[in-house]
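Okay, here's what each chain looks like letter by letter:
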Amino acid sequence: QVQLVESGGGLVQPGASLKLSCAASGRTFSNYVMGWSRQAPGKEREFVAAIDWSGYNTDYAHSVKGRFTISRDNAKNMVYLQMNSLKPEDTAVYYCAAGRTWPLPNDYWGKGTLVTVSF
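Now for a description of the structure that goes with this document.

What counts and how
- Residues numbered from 1 in each chain as written.
- Predicted model: local features only at pLDDT ≥ 70, side-chain atom pairs only at ≥ 80, totals over all residues.
- Heavy atoms only, no water.
- Helix = DSSP H or I, 4+ residues; strand = E, 2+ residues; numbered from the N terminus.
- Rg over C-alpha atoms; globule rule 2.2 N^0.38 Å.
- Buried < 20%, exposed > 50% of the residue type's maximum accessible area, 1.4 Å probe, protein only.
- Areas by Shrake-Rupley, 256 points an atom, 1.4 Å probe, with all protein chains shown as cover.
- Lys, Arg positive; Asp, Glu negative; His and termini not counted.
- Charge placed at Lys NZ, Arg CZ, Asp CG, Glu CD.

Considering the overall build of the chain
Along the backbone of the chain there are zero helices and 11 strands. The C-alpha radius of gyration of the chain comes to 13 Å, within 12% of the 14 Å expected for a compact globule of 119 residues. Overall, the C-alpha framework of the chain stretches about 40 × 25 × 25 Å when taken along its three principal axes. Out of the 119 residues belonging to the chain, those deemed buried represent 44%. Summed over its atoms, the accessible surface of the chain is roughly 6,300 Å², and 50% of this surface lies on carbon and sulfur atoms. One finds the centroid of the 12 positive side-chain charges in the chain at a distance of 3 Å from the centroid of its 9 negative side-chain charges.

So, unusual backbone geometry
The peptide bond linking tryptophan 102 to proline 103 adopts the cis configuration, its omega dihedral lying at -5°. On the secondary structure map, proline 103 appears in the loop between β9 (92-99) and β10 (108-109). The phi dihedral of asparagine 77 falls on the positive side, at around 55°, and the residue is not glycine. The residue asparagine 77 is located in the loop between β7 (68-73) and β8 (78-83) in this model. You can call asparagine 77 partly exposed: its relative accessible area is 25%.

Keep in mind that these numbers describe shape and distance, not what the molecule does.
Right, dumping it as structure tokens:
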């Protein structure tokens, strides 16, 4: 089992930045592909970003490419999502995920953290 706990969400204005964190515990963190997905009100959950075990390979949804950056620290069992130039359409609950599949890890999920982008 892998337990995932997200943090760092909040209310920000359009154009601002926010950094989400995901703390992992349980089985060997470095063995897993890690990812972020989000679910906006009334919409299905969608892929945002993923990073492989080494940290050298990443993948992003087209809507966030160039604005968001995923990273990981295997020594600390942490994965991050740096979000810049936030837009109102980025408003969603953001979920951390871990798994074996690339680029959509889906074996374990956190409970999510809410990001609201609004004036």
